Structure formats: C-alpha cells, structure tokens
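Spelled out, the chains give:
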Amino acid sequence: MEPTDNTPLTPITIIRTLDNCYPNSRAVLDSITNELNPRLEEKLQPALYGNDTLRQIEITTALSFYDDFHCKTNYIIADESLKLRSSDYYSTLLTMYSEEEIENEGLYLRPRYQIGPLSKRTGLIYAKVVFEKSFSFLSEKEQKRIMSEYFLTVVERIAHRKRKLNYDFNRLIADFKSVLEWWVEL
C-alpha cells in the first residue's frame, strides 16, 4: 500500500510473502510478523533520521517452497558478478541444470537482492531478498541470523546509493542492527 500523505512511517518494515514456505521456516516468518515488525515500529523513529525524502524501506522475503508436485519454487541464487538481466535467468540456469531437473525441482535463478529506486512521490524504496531451499532446513536461530545479515545488507546498499540524501543512515543502520540482534536472540 502506497501512502499518499506525509504521515511518518516506520523507516524499515519486513514483508513476509509466503504462507506455503517449507515448514521449518514458518516460525521465522511468524516471528517477522509478530515480533520483528512491532519492535521495528517501536524502536525506529523517523524523526531521528532526516528529511521526508525517504519515508520507508520495505523489504520483502521470497522463500523457496514446495506444496506438491505441481506447485513448487526452489530458488537458485545467481552470482552477482554475472550482472544478469531477467531475460538471462533461464538460459543461465540451463548451464547449471538440465531441463528435466529444472522442471522436476521447480528451479528458478534469481539474484539474492533486488533493490528498486526511491519513489519521489511516495518516499518508498522496495527491496526483495531471495532465499534458496537449503535456507529453510537451517535452525530457526540460524535462519534469523542469516535473514538479519541479508536485511542489513539491503539497508547498507541503499545507504551507499542514497548517500547524498539528507538522511542519517549511520544512525538508522545502528538502530536497525540493534533490533535485528534482539530478534535473533529472542
């Protein structure tokens, strides 16, 4: 939902996109909704960071899933150094796996991070973090630790790209890191 006024927003919010993830990730996704986002709302204060140009960074999670033979998506993370376009994903995946493996396993090549531009109209930046199948077989604490690392990387990359904004990214990152550390230990 894009806001149309200048009501202050929580500077960072995490959006869980799936309910049909691998079962071992369900608790982590529930924790994003029930613990992490409320803590971000409580601890991140928009007035501390700067102007209204950047109102919110919305980070979406994209987890691999497998419901049954006909409904599955298992992400393979693309090497960032390849600088692939969307149209290159499938042909690159074919260099790694056979067509049969791709079809049977529901494989999709995607970059780990997708970060959009800053919307001047809304002050929002949308980002997505993609997680491979093996991520969902880690312990809950390890999943939270890795997610936290990836979420922090997104914000650091945005800070680097938008360093000319009148915005205290150093303070935002420090506050965000503190909340993430709390969440991992929860």
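Because the structure is predicted, anything quoted here is derived from the model rather than measured.

Asks: Report on the pairing of strand E7 (residues 124–131), specifying residues and quantitative values.
Replies: Taken across its 8 residues, E7 has 6 buried, putting it largely inside the fold. Direction of pairing for strand E2 (residues 56–63) relative to E7: parallel, over a ladder of 8 bridges. Its bridge partner lying in E7, Ala-62 is registered against Val-130. Where strand E6 (residues 113–118) meets E7, 4 bridges bridge the pair, whose relative direction is antiparallel. Looking across to E7, one finds that Leu-118 is bridged to Ile-125. Between E6 and E7, which pair antiparallel one after the other, the connecting turn spans 5 residues, and Gly-123 there sits at a positive phi close to 80°.

Asks: Provide a residue-level description of the environment of Thr-122, including the pertinent values.
Replies: With respect to the secondary-structure elements, Thr-122 resides in the loop between E6 and E7. On the basis of relative accessible area, Thr-122 is assigned to the buried category, the value being 1%. Along the chain, Thr-122 and Arg-85 lie 37 residues apart, while their C-alpha atoms are 27 Å from each other. Among the polar contacts made by the side chain of Thr-122, one reaches the side chain of Ser-119 at a distance of 3.0 Å. Polar contacts involving the side chain of Thr-122 include one to the main-chain amide nitrogen of Leu-124, which spans 3.3 Å.

Cut-offs and rules
Each residue is numbered by its place in its chain's sequence as written, counting from 1. The predicted nature of this model means local features are confined to residues of pLDDT at least 70 and side-chain atom pairs, given and counted, to a pLDDT of 80 or more, with totals for whole chains, interfaces and linings taken over all residues. With hydrogens and water stripped out, all remaining heavy atoms of the structure feed into the side-chain values. In this scheme, a residue with accessible area under 20% of its type's maximum is buried, one over 50% is exposed, and one in between is partly exposed, where area comes from a 1.4 Å probe on protein chains only. Secondary structure counts use DSSP, requiring at least four H or I residues in a row for a helix and at least two E residues in a row for a strand, with both numbered from the N terminus. Any two strands with at least two DSSP bridges between them are considered paired. Polar contacts, as used here, are pairs of N or O atoms within 3.5 Å; protein pairs need one atom able to donate a hydrogen and one able to accept it. Residues neighboring in sequence count only if both atoms are side-chain atoms.

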